[in-house]
Amino acid sequence: KYAQWTCNHYLSSLYRGNGQKDAAIVALEECLRLSDLPADKAFAYKNLGDCRLGELDYQSALGFFEQAKRIAEGTDMDRKYACLSEIGICVRMLGDFERAVELHSQELVACRSDLQKSNGQLVAEITSPGADKAVNLREESCALMMLGLSLAALARQKKRACAGLEPTTAAAAPVPLA
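Residues numbered from 1 in each chain as written. Predicted model: local features only at pLDDT ≥ 70, side-chain atom pairs only at ≥ 80, totals over all residues. Heavy atoms only, no water.

Undergrad: Got a sec to walk through the overall build of the protein chain? Specific residues and values, please.
TA: For the protein chain, the count of helices and strands is eight helices and zero strands. The helix and strand sequence of the protein chain, counted from the amino end, reads α-α-α-α-α-α-α-α. In the protein chain, which comprises 178 residues, the proportion classed as buried is 38%. Contacts in the protein chain between residues far apart in sequence, at least 24 positions, make up 53% of those at least 6 positions apart. Accessible area for the protein chain stands at about 10600 Å²; split by element, carbon and sulfur atoms hold 57% of it. (Helix = DSSP H or I, 4+ residues; strand = E, 2+ residues; numbered from the N terminus. Buried < 20%, exposed > 50% of the residue type's maximum accessible area, 1.4 Å probe, protein only. Contact = heavy atoms within 4.5 Å. Areas by Shrake-Rupley, 256 points an atom, 1.4 Å probe, with all protein chains shown as cover.)

Undergrad: Lay out the pattern of salt bridges with the relevant residues and their values.
TA: In total, this model carries six salt bridges according to the counting rule given. Residues Lys46 and Glu86 are paired through a salt bridge, measuring 3.1 Å at the closest nitrogen-oxygen approach. Residue Lys46 is located in helix α3 (residues 38-54), and its partner Glu86 is located in helix α5 (residues 84-93); the two are separated by 40 residues in the primary sequence. Like Lys46, the residue Glu86 is buried in the burial classification. For Lys69, the salt bridge identified is with Glu73, shortest N-O distance 2.6 Å. With a gap of four residues between them, Lys69 and Glu73 both fall in helix α4 (residues 58-74), about one helical turn apart. In this structure, a network of salt bridges that share partners links the residues Lys46, Asp50 and Glu86. (Salt bridge = Lys/Arg side-chain N within 4 Å of Asp/Glu carboxyl O.)

Undergrad: Now, about the packing of helix α2 (residues 21-34) against α3: what can you tell me, with residues and values included?
TA: Where α2 contacts α3, the two axes come as close as 9 Å, and the packing angle between them is 160 degrees. Relative to α3, the element α2 lies roughly antiparallel. For the pair α2 and α3, the crossing hand works out as left-handed. Along its contact with α2, which presents Lys21, Ala24, Ile25, Leu28, Glu29, Cys31 and Leu32, the element α3 presents Lys41, Phe43, Ala44, Tyr45, Asn47, Leu48, Cys51, Arg52 and Gly54. Grouping the constituent residues of the contact of α2 with α3 by class yields 10 nonpolar, two polar and four charged. (Axes fitted to C-alpha atoms, helices over the stretch in contact; angles between N-to-C directions. Parallel < 35°, antiparallel > 145°, perpendicular 65-115°, else oblique. Left-handed = near helix turned anticlockwise from the far one by under 90°. Nonpolar A, V, L, I, M, F, W, Y, C, P; charged D, E, K, R; others polar.)

Undergrad: Account for the environment of Leu62, with residues named and values stated.
TA: Among the structural elements, Leu62 can be located in helix α4. Overall, the relative accessible area of 9% leaves Leu62 in the buried class. In this structure, the C-alpha to C-alpha distance between Leu62 and Arg52, residues 10 residues apart in sequence, is 8.7 Å. With near-sequence residues (within four places) excluded, Leu62 lies in contact with Ile87, Cys90, Val91 and Leu94.

Undergrad: I'd like a description of the packing of helix α1 (residues 2-17) against α2, backed by residues and values.
TA: It is the contact of α1 with α2, at a shortest axis distance of 8 Å, that shows an interaxial angle of 160 degrees. Between α1 and α2, the crossing angle belongs to the class labelled roughly antiparallel. With respect to the hand of their crossing, α1 and α2 are arranged in left-handed fashion. On α2, the residues touching Gln4, Trp5, Asn8, His9, Leu11, Ser12, Tyr15 and Arg16 of α1 are Ala23, Ala24, Ala27, Leu28, Glu30, Cys31 and Leu34.

Undergrad: Now, about α2: what can you tell me, with residues and values included?
TA: Its 14 residues give α2 an end-to-end C-alpha distance of 20 Å, which sits within 8% of 20 Å, the value for a rise of 1.5 Å per residue. Inspection of α2 places Ala24, Ile25, Ala27, Leu28, Cys31, Leu32 and Leu34 among the buried residues, and these make up the whole buried set. Looking at the packing, one finds that the buried side of α2 touches α1 and α3. (Expected span 1.5 Å × (residues − 1).)

Undergrad: Could you give an account of the side chain of Arg92, with specific residues and numbers?
TA: Residue placement: Arg92 occurs in helix α5. This buried residue, Arg92, is left without a salt bridge; Asp96 holds the nearest opposite charge, at 11 Å. (Lys, Arg positive; Asp, Glu negative; His and termini not counted.)

Undergrad: Which residues make up the confidence of the model for the protein chain, and what values go with them?
TA: With 79% of its residues at a pLDDT of 70 or more, the protein chain shows a mean pLDDT of 82. Looking across the protein chain, the model is least confident in helix α8 (residues 167-172), with a mean pLDDT of 43, and most confident in α2, with 95. Predicted confidence is poor over residues 122-128, with pLDDT under 50, and the contacts of this stretch with residues over four places away or in other chains come to four contacts. Long-range and interchain partners of residues 166-178, a stretch whose pLDDT sits below 50, account for three contacts in this model, where long-range means more than four residues apart. (pLDDT = per-residue confidence, 0-100.)

This is the structure in structure tokens:
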């Protein structure tokens, strides 16, 4: 079973790389069937979500990412399987800007925590010290960008809501800052 899972895992990556999303989905669904290991299942759900996200099917992607997150939270799994950023993208595109801000803020905190941990490691523990720091900085930059997009969307939503108010009412009532 493990050899079959590994084969499907690599096939899904090849299919995705070649733009064959349907074939990648079939291979990932086979990965789900072949393994009961939490890390394998989280990997497959995250990648199924990535496939759906690439097709702009935010609702389906959200379901897959949330499944990966549930598995990751139930174990001590790598943060990338928590899918906070991916869930944030989906909920933002589905119009839940406040939740997107919350998720991207959590992702930013996690990135910064990882960056602090990697800076505190001994050089002997890290095979290439600059690589870990560069990956963490790239993830932090991405989290900041996603947070900014979500905050901008939330601000636009609040601005539209305020535009519907009477001019005297809007001027009299201060808008709370988020």
